[in-house]
Amino acid sequence: MSLATLKEVLEIAERTNTAIPGFNIDNIEIPEAIMEAAEAENCPVILTIGQGAINAGGLRHLPDVVRRIAESSRVPVVMHLDHGVSYEQAITCLRAGFTSVMYDGSHHPFEENVRESQAVVRAAHAVGVSVECELGAISGVEDGISHNNTNLVDLDEMKRFISVVDCDALAIGIGNAHGIYKGIPNLDFDRLEACRNFGGPHLVLHGGSGIPEDMIKKQFLWASAKST
Ligand SMILES: [Zn+2]
């Protein structure tokens with residue numbers, strides 16, 4: 001099948017009451033293992049190209065790799081930019097054929113994050129590509145880039161953000177962190193429930209690898225529970 005957009009697979013998640021996994025890829029071998037597992041589970045998958053891969057020149061070949069994988073895949077595959085750093089980078093990825101781009105302005109002042117996110121959404125939606133934004137910086141190290149300021153998403157800011165930024169998905173900080181956790185993660189489930197109750201875009205959990213399975217399940221139940 002051809003590449004799917006993030007919006008399309010999130011609609012599948014909504015219908016089937018599931019979460020869609022996203023994995024960073026840096027080479028051509030890792031996606032093979034991911035696809036083997038995704039097809040075995042009959043689960044759509046998000047293949048994300050991050051800043052580490054891009055800095056290593058990954059935009060030269062990884063988009064072609066992901067496109068070919070999608071063509072021969074039995075499950076929907078999304079080609080996604082992870083933690084996009086600028087409007088310009090989002091445009092580069094639109095041209096390279098991505099079907100989803102993340103713009104991460106969480107480390108910028110709120111108004112700047114809103115402004116840049118709006119610009120990325122406008123450009124991406126014009127060509128049918130989905131957008132993920134971020135609020136509340138997610139700490140830890142990802143792709144060799146460290147984000148040290150753990151920042152729980154501010155509920156008032158989230159309300160304001162989703163009222164003016166028409167993104168398809170929103171990554172929020174609830175105590176989750178990239179990379180290896182030093183101990184058991186301390187996740188703010190009440191905050192997650194409050195975010196879900198806003199009824200805005202789909203929520204994205206970054207730094208899921210080190211979160212214990214029971215917390216992932218609890219988190220997913222909270223995140224996917226319908227607001228009433
Ligand atoms: Zn991340």
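Look up a bit, the structure's there.
These numbers were taken from a predicted model, which means no experiment stands behind them. Residue numbers restart at each chain and count upward from 1, following the sequence in its written direction. For this predicted model, a pLDDT threshold of at least 70 governs which residues receive local features, and a threshold of 80 or more governs which side-chain atom pairs are given and counted, while totals over whole chains, interfaces and linings are taken from all residues. Side-chain descriptors were evaluated using all non-hydrogen atoms of the structure, hydrogens and water having been removed beforehand.

Considering the packing of helix α5 (residues 87-95) against helix α6 (residues 110-126)
Phase 1 of the analysis: At a closest axis distance of 10 Å, the pairing of α5 and α6 adopts a crossing angle of 15 degrees. Judged on the interaxial angle alone, α6 and α5 are roughly parallel. As α5 packs across α6, the resulting crossing turns out to be right-handed. For the pair α5 and α6, contact is made by Y87, A90, I91 and L94 and by E116, A119, V120, A123 and A124, respectively.
Phase 2 of the analysis: A per-class count over the contact of α5 with α6 returns eight nonpolar, no polar and one charged. Axis definition: a line fitted to C-alpha atoms, limited for helices to the stretch in contact. Angles are taken between N-to-C directions and run from 0 to 180 degrees. A helix here means a DSSP run of H or I that spans at least four residues, while a strand means a run of E at least two residues long, and both kinds are numbered starting from the N terminus. If an angle is under 35 degrees, it is roughly parallel; if it is over 145, roughly antiparallel; if it lies from 65 to 115, roughly perpendicular; otherwise it is oblique. Throughout, a crossing is termed right-handed when the near helix is turned clockwise from the far one, and left-handed when it is turned anticlockwise from it by less than a right angle. A contact between two residues is defined here by any heavy atoms of the two lying within 4.5 Å. Under the grouping applied here, Gly and all other residues not named as nonpolar or charged are polar, the nonpolar ones being Ala, Val, Leu, Ile, Met, Phe, Trp, Tyr, Cys and Pro and the charged ones Asp, Glu, Lys and Arg.

Looking at the state of the cysteines
Phase 1 of the analysis: Cysteine sulfur atoms are paired as a disulfide whenever they come within 2.5 Å of each other. Counted by the stated rule, this structure contains zero disulfides.
Phase 2 of the analysis: With no disulfide of its own, C93 lies closest to C133 among cysteine sulfurs, the gap being 14 Å.
Phase 3 of the analysis: For C133, which is in no disulfide, the shortest distance to another cysteine sulfur is to C167 and amounts to 4.2 Å.

Here we look at unusual backbone geometry
Phase 1 of the analysis: The residue N42 is not glycine, and still its phi comes out positive at about 50 degrees.
Phase 2 of the analysis: Tracing the sequence through the fold places N42 in the loop between α2 (30-41) and β2 (45-49).
Phase 3 of the analysis: Only protein chains enter the accessibility calculation, which uses a 1.4 Å probe; a residue is then buried when its area is under 20% of its type maximum, exposed when over 50%, and partly exposed in between. Overall, N42 belongs to the exposed group, its relative accessible area being 61%.
Phase 4 of the analysis: Phi angles above zero are rare outside glycine, and H83 is one such case at about 50 degrees.
Phase 5 of the analysis: Here H83 lies in strand β3 (residues 77-84).
Phase 6 of the analysis: For H83, a relative accessible area of 7% corresponds to the buried category.

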